[in-house]
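# Structure assessment
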Amino acid sequence: MSQVPEESAGDTGATDAGSAEVTAAGIARLAGVGRAAVSNWRRRHPDFPKPVGGTETSPSFSLAEVERWLRDQGKLAEVPLRERVWQQIAGHPAGAATALVHAGCALLLVRDRSAAWPALAALPDERLPGVLPVALEETLTERLGPERPVLTPTAAALAASVPLLRGVAELAAETGGVRPAFEFLLGRHLDANPRQYTLTPPGPASLMAALATGRAEPPAPDGTGAPLTVLDPASGTGGLLSAVEWPGAICGQDADHDLAALTALRLALSTDADIRVRAGDSLRADAFPALAADAVLCHPPFNERNWGHDELAYDPRWEYGFPARTESELAWVQHALARLRPGGTAVLLMPPAAASRRSGRRIRADLLRRGALRAVVALPAGAAPPYGIPLHLWVLRKPVAGERPPAELLLVDTASEYTGQGRDGQGRDGRDSRDRLDWPAVHAAVLDAWTAFDRDGTVVATPGESRAVPVIELLDDDVDLAPARHLPPPAAAEGVTQLALVRERLAATLHRTRELTPPPVTDPATEGGGAVVGGTAGRLTATAGTTTVGELARAGALALHAGGTGTAPAGAPVAVLTDHDVLAAQPPTGTLPDGPPEEPVLLAVGDVVVPVLGGGAAVRVVGAPAEGAALGRNLQLLRPDPATLDPWFLAGFLRATANTRQASSYASTSTRLDVRRLQLPRLPLAEQRRYGERFRALAEFEETLRQASRLGEQLVQGLYDGLADGTVAP
């Protein structure tokens with residue numbers, strides 16, 4: 001585009017820079033406070049901005065008026081650019097999805113017409129909406145084609161988006177590019193609507209892409225490893241297609257028009273590949289009927305009864321059998337195979353029931369006989385939604401005419417090996433396994449087994465993990481392909497020698513437990529000194545007086561920080577202390593997400609960390625092993641001034657049952673702790689340290705008990721397994 005076109009007569013719209021709206025939760029995020037504080041401001045300050053939209057129970061406010069009020073009150077110095085842009089999207093009068101499309105269009109213009117954008121940006125607000133549609137039409141058509149799901153916004157539609165468009169261009173410059181800017185905004189939208197979208201997390205997405213493409217390096221200049229054509233017929237938000245390395249052409253389709261548009265923009269901003277994304281139901285209205293893709297990736301909708309069973313009975317895609325109404329996943333399997341070239345690979349994320357339901361056994365049998373199904377991989381629970389069950393990956397390959405079908409099927413089970421818990425995905429505390437999943441180990445184990453099997457046609461069996469099973473063994477009445485049913489069990493606790501070592505460690509730990517057992521308790525009133533807390537009006541609080549964490553924070557005796565912020569740095573990875581890590585008393589296990597640079601809250605020795613959800617009495621004093629880790633979501637960090645507060649004294653009193661009860665609020669399904677309301681007795685530093693030493697000893701005793709429990713469970717289960725499989729004599 002060589003020049004800035006003039007706007008068409010009558011095609012302009014007035015721009016309302018203050019049209020963006022923000023909810024109470026957004027105001028709280030802007031000011032760095034809780035939602036209760038916003039409610040208090042509305043009650044106590046008659047000049048607080050009045051609602052301009054929303055409902056009586058969930059009102060929305062003008063973002064510009066809120067920012068002005070916060071600055072006037074000294075509660076806000078400057079709104080971060082990323083937060084300002086996000087609030088403009090969240091409060092857009094046409095909805096967040098439309099605002100994201102407008103933002104993506106502007107970023108694509110910045111990316112592909114970088115020389116023209118400065119001239120466009122220099123136009124006044126009243127002219128910009130009339131000029132942009134022409135430039136956007138050129139850019140969108142060139143990049144996404146005339147049949148794209150991204151419709152060119154009209155001048156009237158863009159009128160309310162002018163501040164947003166200018167903001168996203170600034171955000172791209174601040175975050176280092178158009179891709180991280182759009183990924184941040186899309187991620188915030190998806191996080192704000194978790195029940196509306198079914199996402200494929202980065203871990204399984206990258207594994208599926210690696211299985212389907214086999215790419216570890218870009219195509220060579222001599223043409224070796226030519227760029228691939230990849231299809232996702234249920235593309236959702238584009239997570240699977242975004243995980244493909246060095247694609248040549250990317251094809252996607254989704255029944256949700258907004259998602260198809262966002263996926264098209266997401267891909268166009270992240271790759272130079274040919275992008276072909278369409279809106280529509282792939283089973284009922286396939287947009288790529290003649291496609292012969294090199295690879296197909298798919299996370300289909302599960303348990304979908306209205307998938308087209310009645311109207312698609314004679315569809316030619318059902319080469320392996322007509323799926324029952326309850327077998328929608330097998331319809332997607334056959335659709336994927338139908339869109340592959342001979343020898344192409346498809347990888348689908350499947351519910352575990354699809355491997356064993358009797359209604360699908362005939363189709364599974366035909367997939368095995370003809371060599372279309374090559375591998376079934378059981379993932380750990382927590383790998384992808386629904387997080388409570390261990391989902392499967394099916395690796396399929398379209399048969400090549402004249403080639404003999406393979407004699408074996410690869411079965412891999414990672415459902416329990418890399419999470420430290422049972423196959424139901426639950427730990428000993430009943431929590432899900434998302435934060436405990438060792439994804440790099442899962443990725444390596446699956447790819448190693450598949451690479452060897454794909455190369456040699458078989459693989460050396462690893463007990464409890466992988467095995468190449470003869471197809472003839474699977475063709476029984478059930479055709480049950482669940483990996484756990486066909487893999488040899490792992491050796492019991494690595495044999496008798498390992499069991500003996502566990503027993504020795506347990507004996508030493510129990511001895512240490514006896515040494516750390518607290519002395520008999522005494523009533524300090526009988527000794528004439530000290531005191532203990534005796535309920536909500538205990539003798540200590542009655543004589544010494546109390547203060548709250550909020551009062552201590554205002555006095556500067558401690559600093560409060562909320563967790564959940566920060567992105568992964570470009571250098572060495574930073575571990576994240578999660579709320580589960582605190583509850584389980586284990587080292588940091590989480591990881592920071594990718595995204596625009598944002599500093600996380602880092603832990604220091606002596607910090608006190610408190611989970612705010614669940615109503616439990618768990619508090620952790622940070623030691624050297626956790627120093628430098630980032631603070632995770634749903635955690636509050638208290639950083640005491642060592643000249644005023646002893647950290648162990650602080651942690652001990654914060655953990656008291658009566659204390660957490662009075663500081664908790666209760667919703668219909670959860671309990672939340674207001675850390676600022678937690679109480680402490682007012683004591684001199686020397687007396688604090690006396691209590692702190694006792695609390696520290698109790699913490700060491702508790703950790704030793706945990707270790708004894710873990711070793712005891714390991715020994716007992718190992719003996720059960722050893723007696724059952726004959727490796728241990730009765």
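Everything below is about the structure printed above this text.
Residues numbered from 1 in each chain as written. Predicted model: local features only at pLDDT ≥ 70, side-chain atom pairs only at ≥ 80, totals over all residues. Heavy atoms only, no water.

## Here's the deal with the packing of helix α4 (residues 81-90) against helix α9 (residues 162-175)
So the rule is basically this: Inter-axis angles, ranging from 0 to 180 degrees, are taken between N-to-C directions of lines fitted to C-alpha atoms, where helices are fitted over the stretch in contact. Secondary structure elements are defined from DSSP: runs of H or I of at least 4 residues count as helices, runs of E of at least 2 residues count as strands, and each element is numbered from the N terminus. Throughout, a crossing is termed right-handed when the near helix is turned clockwise from the far one, and left-handed when it is turned anticlockwise from it by less than a right angle. Here, residues are in contact when the closest pair of their heavy atoms is within 4.5 Å. Classes in brief: Ala, Val, Leu, Ile, Met, Phe, Trp, Tyr, Cys and Pro nonpolar; Asp, Glu, Lys and Arg charged; the others, Gly included, polar.
Remark: α4 packs on α9, axes separated minimally by 9 Å, with the N-to-C direction vectors making an angle of 145°. You can see that α4 and α9 cross each other, and the crossing is left-handed. For the pair formed by α4 and α9, the contact residues are Leu81, Arg82, Val85, Gln88 and Ile89 on the first element and Pro163, Leu164, Gly167, Val168, Glu170, Leu171, Glu174 and Thr175 on the second. Considering only residue class, the contact of α4 with α9 consists of seven nonpolar, three polar and three charged.

## Some remarks on the sheet that holds strand β20 (residues 635-640)
Rule in force here: Strand pairing requires that DSSP identify at least two bridges connecting the strands.
Ordered by their spatial adjacency, four strands build an open sheet running β14-β20-β17-β18, and the pairing between neighbours is antiparallel. A single partner strand is all that each edge strand has here, and the edge strands are β14 (558-562) and β18 (620-621). As paired strands, strand β17 (residues 608-611) and β18 are joined by two bridges and run antiparallel to one another. Bridged to Val608 within β18 is Val621. Packing against the sheet, helix α23 (residues 647-654) makes contact with β14, β17, β18 and β20, and its axis sits at approximately 15° to β17.

## Thoughts on the packing of aromatic side chains
Where we set the bar: Pairing of aromatic side chains requires ring centres within 6.5 Å, counting the rings of Phe and Tyr and the six-membered ring of Trp. Pairs whose planes differ by under 30 degrees are stacked, by over 60 edge-to-face, and all others tilted. In this scheme, a residue with accessible area under 20% of its type's maximum is buried, one over 50% is exposed, and one in between is partly exposed, where area comes from a 1.4 Å probe on protein chains only.
For the structure shown, the criterion picks out ten aromatic pairs. With 4.8 Å between their ring centres and 70° between their planes, Phe48 and Trp69 make a pair best called edge-to-face. Here Phe48 is found in the loop between α2 (35-44) and β2 (53-54), whereas its partner Trp69 is found in helix α3 (residues 63-72), with 21 residues between them in sequence. As far as the burial class goes, Phe48 and Trp69 line up, both buried. Measuring from ring centre to ring centre gives 5.9 Å for Trp307 and Trp318, while their planes differ by 85°; the resulting arrangement is edge-to-face. Here the residue Trp307 occupies a position in the loop between β7 (293-298) and α14 (328-338), and Trp318 occupies one in the loop between β7 and α14, the gap between them amounting to eleven residues.

## Re the pairing of strand β5 (residues 247-254)
Going by this rule: The crossover handedness rule: strands pointing away from the viewer, path from first strand over the helix to second strand clockwise, crossover right-handed.
Of all eight residues in β5, seven are buried; the element is thus mostly enclosed. The sheet contact formed by strand β4 (residues 228-232) and β5 spans five bridges and is parallel. If you follow Leu228 over to β5, its bridge partner there is Pro247. Handedness of the β-α-β unit built from β5, helix α13 (residues 257-268) and strand β6 (residues 274-279) comes out right-handed.

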